[in-house]
Amino acid sequence: MDISIIVPLYNEEESLPELFDWIAKVMTKHNYSYEIIFINDGSTDHSWKVIEQLQKKAPDVVKGIKFRRNYGKSPALFCGFDMAQGDVVITMDADLQDSPEEIPELYDMIVNQKYDLVSGWKKKRHDGTLTKNIPSKVYNATARKVTGLKLHDMNCGLKAYRNEVVKNIEVYGEMHRYIPYLAKVAGFKKIGEKVVSHQARKFGTSKFGLNRFVNGYLDLFSLWFLAKFGKRPMHFFGFWGSVMFLLGFIAVLVVGGMKWYALSTGTRSPLVTSTPYFYLALTTMILGTQMFLAGFLGELVSRNSAERNNYNIEKTI
Ligand code: UDP
Ligand code: MG
């Protein structure tokens, strides 16, 4: 099979028929063998009914997954990645903001130009300037610095992947924003981008509010930390724990020694040898030990953290 198109969706009943027709038109024109995998992420509208109808209409093409509840875009994509059979895997949003017309060129970049992953770049965005465009620019600039990937629009819903890539990355929690980075960490090197057209949302509203940016930054930090120390937490906690312990230990010796000297010689002791400072030094030492032990715990946890992803499928068609 040439192409798997993965569409995660949450309450997008109005868009689905049009999206299906649009994709089918492009696929037929280019004679691709393909599948569309709709992942209904716990929609509370009639999205699943629509998917069932589309599946009846095109049983060879349409696959539907129904999650038992809303798990989020990352688990939805991850589930689609698991199922995808095509040589090239395309992800796109269900809301008609991404255009299927981009697929042939994305396909060509993967198959002929040998990219592992191509990320869409919504150069002309059709979202609110204040709520999306400006925060996105700041956020993407940070992401470029942290991840070392020269992408302008890391979180674009429209992306193309070599099948191998999607089988070798684990998209969990809210990490769909950083799939190119996950691919990089997994060892895939040829990661590019392509300017894609972007439409305003036709039906419904965005499912992600402004807090996406705060969460986005926090996730970026965790990802960076995990990529750097995830497999060896001891290398971070052990190091800084030891540094803290040593500083505390030296301070205890110095402060304690001065205090002892002052007491035993009967001279007036300077302020730094007062009891609170001694306790502060002692506390630093203890905190260092704690931090060191946190490293051990991290090592234990990282050995058992394979099962981060859980979604619950109610039905598959
Ligand atoms: N989506 C999803 N699960 C969620 C939230 C969103 O599957 O919990 C889907 C949504 O239906 C759409 C895509 O993810 O197909 C992108 O969402 P949206 O268009 O709301 O994001 P935006 O375009 O505003 O970034
Ligand atoms: Mg959208």
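All residue numbers refer to positions counted from 1 along the written sequence of the respective chain. Numbering of ligands from 1 and lettering of chains from A proceed in the order in which they are written. At least 70 in pLDDT is required for a residue's local features to be given in this predicted model, at least 80 for side-chain atom pairs to be given and counted, and no such filter applies to totals for whole chains, interfaces and linings, which use all residues.

(A) Inspection of the overall build of the protein at higher detail. A run of H or I in DSSP counts as a helix once it spans at least four residues, and a run of E counts as a strand once it spans at least two, with each numbered from the N terminus. A tally of regular secondary structure across the protein gives 10 helices and eight strands. C-alpha atoms define the radius of gyration, and 2.2 Å times the number of residues to the power 0.38 defines the globule rule. Relative to its length of 317 residues, the protein is extended, with a C-alpha radius of gyration of 26 Å against a globular reference of 20 Å. For the C-alpha atoms alone, the extent of the protein along its principal axes is close to 95 × 40 × 40 Å. Comment: burial labels come from other C-beta atoms within 10 Å of the residue's own C-beta, placed from the backbone, where a count of 20 or more is buried, 12 or fewer is exposed, and between is partly exposed. Buried positions account for 38% of the 317 residues belonging to the protein. In the protein, the proportion of contacts linking residues at least 24 apart, taken out of those at least 6 apart, comes to 83%. C-beta atoms are first placed from the backbone for all residues, and any pair lying within 7 Å is then listed as a contact.

(B) Region of interest: the pairing of strand β4 (residues 88-91). Of the two faces of β4, the one lined by Val88 and Ile90 and the one lined by Val89 and Thr91 are each fully buried. Here, any two strands with at least 2 DSSP bridges between them count as paired. The pairing of strand β1 (residues 3-9) with β4 spans four bridges and is classified as parallel. Bridging from a neighbouring strand, Ser4 pairs with Val89 of β4. Relative to strand β6 (residues 159-162), β4 runs antiparallel, the two sharing four bridges. Bridging from a neighbouring strand, Val89 pairs with Tyr161 of β6.

(C) Region of the structure containing the domain arrangement of the protein. The source of the domain bounds is an automatic or database domain assignment. The domain architecture assigned to the protein consists of domain 1 (3-229) and domain 2 (233-303). Inter-centroid distance (C-alpha atoms) of domain 1 to domain 2 is 49 Å.

(D) Layout of the confidence of the model for the protein. Across the protein, the average pLDDT comes to 90, with 97% of residues at 70 or higher. Here the complex is predicted with pTM 0.83, and the ipTM for its interfaces comes to 0.97. Each residue carries a pLDDT score, the predictor's confidence in it, ranging from 0 to 100.

(E) Region of interest: the nonpolar core. Throughout this description, the term nonpolar core refers to a group of buried Ala, Val, Leu, Ile, Met, Phe, Trp, Tyr and Cys residues whose C-beta atoms join them within 7 Å. Formed by 65 residues in total, the largest nonpolar core has its most connected members in Ile5, Ile6, Val7, Ile37, Ile39 and Ile90. Ignoring anything within four residues of it in the chain, the contact list for Ile37 reads Ser4, Ile5, Ile6, Val7, Lys63, Ile65, Gly80, Met83 and Ala84.

(F) Summary view of the sheet that holds β1. Pairing in this open sheet of eight strands is mixed, and the strands run β7-β5-β6-β4-β1-β2-β3-β8 from one edge to the other. The open sheet has two edge strands with one neighbour each: β7 (191-195) and β8 (313-316). Taken pair by pair, the neighbouring strands of this sheet meet at an average axis angle of 20°, ignoring direction. As a rule, the C-alpha atoms of each element are fitted with a line to give its axis, helices using only the stretch in contact, and angles between N-to-C directions run from 0 to 180 degrees.

(G) Spatial organisation of the packing of helix α1 (residues 16-30) against helix α2 (residues 47-57). Contact pair α1 / α2: the axes reach a minimum separation of 10 Å and the direction vectors enclose 35°. In this structure, α1 crosses over α2, and the sense of that crossing is right-handed. Across the interface between the two elements, Leu16, Pro17 and Phe20 from α1 touch Ser47, Val50, Ile51 and Leu54 from α2. All amino acids are sorted into three groups, where Ala, Val, Leu, Ile, Met, Phe, Trp, Tyr, Cys and Pro are nonpolar, Asp, Glu, Lys and Arg are charged, and the leftover types, Gly among them, are polar. Here the contact of α1 with α2 is composed, by residue class, of six nonpolar, one polar and no charged. Left-handed describes a crossing whose near helix is turned anticlockwise from the far helix by less than a right angle; the clockwise case is right-handed.

(H) Representation of the UniProt feature "transmembrane region" (unreviewed entry) in the protein within the structure. UniProt positions are given in the numbering used here, feature names are shortened, and annotations may be inferred rather than shown by experiment. When the UniProt feature table is mapped to this numbering, "transmembrane region" (unreviewed entry) covers residues 236-257 and 277-298. End C-alpha to end C-alpha, residues 236-257 measures 31 Å, and it is 100% helix and 0% strand. For residues 277-298, the helix share is 100%, the strand share is 0%, and the end-to-end C-alpha distance is 31 Å.

(I) View of the environment of Leu19. As for its position among the elements, Leu19 is in helix α1. As a C-alpha pair, Leu19 and Leu96 span 77 residues in sequence and 6.3 Å in three-dimensional space.

(J) Spotlight on helix α9 (residues 233-265). One less than the number of residues in a helix, times 1.5 Å, gives the span that helix is expected to have. The end-to-end C-alpha distance of α9, which contains 33 residues, comes to 47 Å, matching closely the 48 Å that a straight helix rising 1.5 Å per residue would cover. Among the residues of α9, those classed as buried are Pro233, Phe237, Gly241, Gly248 and Val255. Where the residues of α9 are buried, they touch α8 (211-229) and α10 (275-303). A positive phi of about 75° marks Gly266, the residue just after α9.

(K) Examining the packing of α9 against α10 more closely. Put simply, α9 and α10 touch, their axes get as near as 7 Å, and they point 165° apart. Viewed along their axes, α9 and α10 adopt a mutual orientation that is roughly antiparallel. Seen along the crossing, α9 lies across α10 with a hand that is left-handed. Residue classes in the contact of α9 with α10 are distributed as 21 nonpolar, 11 polar and two charged. Comment on the angle field: the value is read as roughly parallel under 35 degrees, roughly antiparallel over 145, roughly perpendicular from 65 to 115, and oblique elsewhere.

(L) Summary view of unusual backbone geometry. You will see that Asn31, though not glycine, has its phi angle at about 60°, which is positive. If you trace the backbone, Asn31 turns up in the loop between α1 and β2 (34-40). For Asn31, a count of 8 C-beta atoms within 10 Å puts it in the exposed group. We note that Leu96 has phi near 70°; this positive angle belongs to a residue other than glycine. Tracing the backbone shows Leu96 in the loop between β4 and α4 (103-111). Its 20 C-beta neighbours within 10 Å are what place Leu96 among the buried residues.

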